[in-house]
Amino acid sequence: MPNRALRQKRQPQEDFTLCPSTSSEENPVNTMVHLSSLLLKKYHGGYVVIRLALAGHKQANRPFYRIVAAYNKRARDGKYIEQLGSYDPLPNIYNEKLVSFNFDRIKYWIGCGAHPTNPVSKLLGLAGFFPLHPMTITEAERLRARTEQTVAGAEEGLEVGQEQAEV
Amino acid sequence: MAGLSSARCLFRSCSRIKHVERSRHTLMRCGVRTFCGGAQDTGNARPQFTDAAVQDILSRITGLDLQKVFRPILQELNPPTYKLMTDEQVEQAVMGATEKAKKLLQMPPVLPERKPISDVLAEDKMLEGMDTAKFVFTDITYNIPHRERFIVVREPDGTLRKASWDERDRLVQVYFPKEGRKLTAPLIFKEENMKMVFAQDRHEDVLDLCLVQFEPDSSEYIRVHAAAYEDLDKHGKYELLCSTRHFGGMAWYLVNARRVDGLMVDMLKRLLFKDAVSLVSLFHMVHPNSESAKEAASQQATGTDLLKIYAQMESQRSGYIELALQAYEQTAAEGSAA
């Protein structure tokens, strides 16, 4: 009978010791002592995520996102570990939405056990780096159903209007 | 009217020339990489721009007028420095200046036009109608050369394709801006504006701007350079480009188009007989099947004989060339007699 008591519960924090990290929050013994980091909170049960952080809060109605590797518990726009790219949701004069990814570093952080959030996974799926996210396909289908409905509704409305005009 | 005023504003903003100086060297670093790539096709019997012999001839006929190379260009105002030097130090300073001038005169690469990219990576019809805008994904990893960077576009109809050359240039400039390069090409490169600038004899400025703005194998670069060389050839203003880095490119273009007469006449007018001889030898190297080349090879001609053969066989203005040759031989004879 395998002794279940001996088997440790797998913490997400353990993943960090596998890859060499210069941050001293997980491993203050092996790295240089940064005094400021000793004062930082130690996140109990926290893990690294790759997510979109809103940048440029000075302008209203002009969003711009940074694709960022940050601790899960941190504020959305707060201090991050590393910036891995950018995403501009508003199309430019060539009708393009510009997205940039630093694939080298993204691979590193995913190797360290970072979790990408849903929007980042969708963007990576659209880029071809990940397989397509199922929600992208679902949203596309829903949009198409909705547009067909509105088109059908508009046609019906036109027909009704024509009949009324005839009558 | 608006176009004229904007063009005038462009010509006035000469600070761009300052940026051109510094970015020249960065461009040469990128240019040299593609340069070496072009030199590797040994399958062609035809001499390429990058051959050592061709480069040697072109750099010789470019000339090395130090006064013109280091003429005052628009840069930051510094008060002049005066140094007290002995004659030897002056000679060494002049030698150092010649070295620098040679580096400044490094010829920009002449490459064939790049083939358009049309690779489709994936077609996902189920994504159709998801969005009205395209998504452009760029890889911003720092250590890859720009030519090998992944830039893909996801169209609204679901196809994932590689970005075209124009999109690539624009996005690389967005994420890795190069000094002096603009996102949209300056208006000076339009046909009408170029004609106006050529009328003002500012071919060199246009070519410098073109060098900074476009990649050497883009169609825009080739078009602007061709237009500049044609205009120079039509009006015979070759001395504008003499002792600049664009002279070699112009000579190569004319030799390939077989319209070397104008340049030849200009050289003889300025009594540069050695340059004229090297130009003819370059012509024979590039077109070994022409009659003058075969004659020269059969007679093993050198010096002024080459010029005579060329004048008889190939050129349309043979009269002028022969007259000039006679005059040169007379002066040479008088000089040796006296």
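Quantities reported herein were computed from a predicted structural model and do not represent experimental measurements.

1. Section: the overall build of chain A
A count of helical and extended segments in chain A gives 5 helices and 5 strands. Start at the N end of chain A and walk to the C end: the helices and strands fall as α-α-β-β-β-β-α-β-α-α. Taking as baseline every contact in chain A between residues at least 6 positions apart, the subset at least 24 positions apart corresponds to 38%. For chain A, the computed accessible surface area is about 11400 Å², with 55% contributed by carbon and sulfur atoms.

2. A look at the confidence of the model for chain B
Low-confidence regions, as indicated by low pLDDT, have predicted coordinates that should not be scrutinised in detail. Chain-level statistics for chain B give a pLDDT mean of 78 and a share of 86% at 70 or above. Interface confidence in the predicted complex, given as ipTM, is 0.72; pTM for the same model is 0.69.

3. Section: the packing of aromatic side chains
What the rule picks out here adds up to 11 aromatic pairs over all chains. A ring pair is formed by A:Phe129 and A:Phe130, whose centres lie 5.8 Å apart and whose planes are at 15°; its orientation type is stacked. Three or more aromatic residues link up through ring pairs in this structure, and these residues are A:Tyr65, A:Tyr87, A:Phe101, A:Phe103, A:Phe129, A:Phe130, B:Phe135 and B:Phe137. The side chain of A:Arg105 reaches across the aromatic face of A:Tyr108, ending 4.3 Å from its centre.

4. Description of the side chain of B:His284
All names here are of chain B. Tracing the chain through its elements places His-284 in helix H12 (residues 273-286). Accessibility expressed as a relative area gives 11% for His-284, which makes it buried. If we ignore the near neighbours within four places in the chain, the residues touching His-284 are Ser-292, Ala-293, Ala-296 and Leu-306.

5. Description of helix H5 (residues 134-166) of chain A
All names here are of chain A. Over its 33 residues, H5 extends 48 Å from the first C-alpha to the last, a length consistent with the 48 Å expected when each residue adds 1.5 Å. The set of residues buried in H5 consists of Thr-136, Ile-137 and Ala-140. Turning to H5, the residues buried within the fold contact helix H4 (118-127).

6. A short note on the pairing of strand E4 (residues 159-162) of chain B
Residues and elements named next belong to chain B. Examined bridge by bridge, strand E1 (residues 120-123) and E4 share 3 bridges and lie antiparallel to one another. Directly across from Ala-122, in E4, lies its bridge partner Leu-160. Bridge count between strand E3 (residues 151-154) and E4: 3 bridges; the pairing is antiparallel. Counterpart to Val-152 in the pairing with E4 is Lys-162. Hairpin connection from E3 to E4: 4 residues lie between these consecutive antiparallel strands, with Gly-158 at a positive phi of about 95°.

7. With respect to the interface of chain A and chain B
Facing 28 residues of chain A, the contacting portion of chain B comprises 26 residues. Surface buried jointly by chain A and chain B totals about 2300 Å² across both partners, of which 61% is contributed by carbon and sulfur atoms. Per-residue buried area on chain A facing chain B is highest for A:Glu96, A:Lys97 and A:Leu126; these three make up 25% of the total on that side. Applying the counting criterion to the chain A and chain B interface returns 2 salt bridges. A per-element tally of the side of chain A that touches chain B places strand E4 (residues 96-101) of chain A first, with 6 residues.

8. Re helix H7 (residues 191-199) of chain B
Residues and elements named next belong to chain B. Taken together, the buried positions of H7 are occupied by Asn-193, Met-194, Val-197 and Phe-198. Buried residues of H7, viewed axially, fall in a sector of 135°; they line one side. In H7, the exposed residues that point more than 90 degrees away from the buried face are Glu-192, Lys-195 and Ala-199. Once H7 finishes, Asp-201 follows within two positions and takes phi at roughly 65°, a positive value.

9. Quick notes on the pattern of salt bridges
All names here are of chain B. Summed over all chains, the structure comprises 23 salt bridges over all chains. Note that Asp-124 is salt-bridged to Arg-154, the shortest N-O span being 2.7 Å. Residue Asp-124 is found in the loop between E1 and strand E2 (134-139), and its partner Arg-154 is found in strand E3; the two are separated by 30 residues along the sequence. Grouping residues by exposure puts Asp-124 and Arg-154 together as buried. Counted as one network, the salt bridges with shared partners bring together Arg-114, Arg-147, Asp-169, Arg-181, Glu-215 and Asp-217.

10. Description of the sheet that holds strand E3 (residues 82-87) of chain A
The strands making up a sheet associate through backbone hydrogen bonding, with each pair oriented either parallel or antiparallel. Reading across the sheet, the 9 strands line up as E5(A)-E1(A)-E2(A)-E3(A)-E4(A)-E2(B)-E3(B)-E4(B)-E1(B) and stay open at both edges, with mixed pairing between neighbours. Sheet topology places strand E5 (115-116) of chain A together with E1 of chain B at the edges, where each strand pairs with a single neighbour. Taken together, the 7 bridges between strand E1 (residues 48-54) of chain A and strand E2 (residues 65-71) of chain A define a ladder with antiparallel strand orientation. Paired with A:Val48 across the two strands is A:Tyr71, which belongs to E2(A).

11. Side note on the environment of B:Thr304
All names here are of chain B. Within the secondary structure, Thr-304 is located in helix H14 (residues 304-313). Assessed through its relative accessible area of 22%, Thr-304 is described here as partly exposed. Separated by 27 residues in sequence, Thr-304 and Val-277 place their C-alpha atoms 7.0 Å apart. If near-sequence neighbours (up to four positions away) are discounted, Thr-304 is found in contact with Leu-325, Tyr-328 and Glu-329.

12. Overview of the environment of B:Ile140
By secondary structure assignment, the location of B:Ile140 is in the loop between E2 and E3. It is 8.7 Å that separates the C-alpha atoms of B:Ile140 and B:Phe150, two residues lying 10 residues apart in sequence. Sequence-distant contacts of B:Ile140, that is, excluding residues within four places in its chain, are made with A:Leu84, A:Gly85, A:Ser100, A:Phe101, A:Asn102, B:Arg149, B:Tyr175 and B:Phe176.

13. With respect to the pairing of E3(B)
Residues and elements named next belong to chain B. Along E3, one buried face is formed by Ile-151 and Val-153 and the opposite face, lined by Val-152 and Arg-154, is buried too. Note: E2 against E3, 4 bridges, orientation antiparallel. Looking at E3, one finds that Thr-138 is bridged to Ile-151.

Cut-offs applied
Residues numbered from 1 in each chain as written. Chains lettered and ligands numbered in written order. Predicted model: local features only at pLDDT ≥ 70, side-chain atom pairs only at ≥ 80, totals over all residues. Heavy atoms only, no water. Helix = DSSP H or I, 4+ residues; strand = E, 2+ residues; numbered from the N terminus. Contact = heavy atoms within 4.5 Å. Areas by Shrake-Rupley, 256 points an atom, 1.4 Å probe, with all protein chains shown as cover. pLDDT = per-residue confidence, 0-100. Phe/Tyr/Trp six-rings, centres within 6.5 Å; stacked < 30°, edge-to-face > 60°. Lys NZ or Arg CZ within 6 Å of the ring centre and 35° of its normal. Buried < 20%, exposed > 50% of the residue type's maximum accessible area, 1.4 Å probe, protein only. Expected span 1.5 Å × (residues − 1). Pairing = 2+ DSSP bridges. Buried area = accessible area lost by both parts, 1.4 Å probe. Salt bridge = Lys/Arg side-chain N within 4 Å of Asp/Glu carboxyl O. Arc of directions from axis to C-beta.

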